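So you can see what is in the structure, the chains are spelled out below.
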Amino acid sequence: MKKGQLSLDLLFAVLLIIVTLTNLTYMATSEISHAESFDTFTKVRLFSSTLVDHSAKVYAIGEGYKVREVAPDLNGGTIRVVFDGATK
């Protein structure tokens, strides 16, 4: 074994470790961002199905019945609800 061979092997091993750690960090941050997006989409979908359910109940019960629904917090996002064909 020559004098410079150990240093080259050590550099190659360190390079492989750094590449592996970088890849693991990228995958972790990517999964976190996907989980946050999925959480937001789930909150909006649940809110929309709750609105549909509540509007059907209010329509079925008749005049004077009200339901108040609070929109979920979306970290700076806004939810806009539009009812088509509403008379009031």
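Quick note: structure is the one above.
Treat the numbers as computed from the prediction; the structure is a model and nothing was measured. (Residues numbered from 1 in each chain as written. Predicted model: local features only at pLDDT ≥ 70, side-chain atom pairs only at ≥ 80, totals over all residues. Heavy atoms only, no water.)

1. Quick notes on a nonpolar patch on the surface
Alright, step 1. Taken together, Ile17, Leu21, Leu24, Tyr26 and Met27 make up a surface patch of nonpolar side chains, about 550 Å² in accessible area.
Alright, step 2. By the element assignment, Leu21 lies in helix α1 (residues 5-61). (Patch = residues over 30% accessible without salt bridge, like charges linked within 9 Å, V, L, I, M, F, W, Y side chains within 5 Å. Areas by Shrake-Rupley, 256 points an atom, 1.4 Å probe, with all protein chains shown as cover. Salt bridge = Lys/Arg side-chain N within 4 Å of Asp/Glu carboxyl O. Helix = DSSP H or I, 4+ residues; strand = E, 2+ residues; numbered from the N terminus.)

2. Quick word on the pattern of salt bridges
Alright, step 1. According to the stated counting rule, one finds two salt bridges in the structure shown.
Alright, step 2. Notably, a salt bridge pairs Asp39 with Lys43, separated by 3.7 Å at the nearest N-O pair. With Asp39 and Lys43 both in helix α1 and four residues apart, this pair spans about one turn of that helix.
Alright, step 3. Residue classification places Lys43 among the partly exposed residues on the basis of a relative accessible area of 33%. (Buried < 20%, exposed > 50% of the residue type's maximum accessible area, 1.4 Å probe, protein only.)

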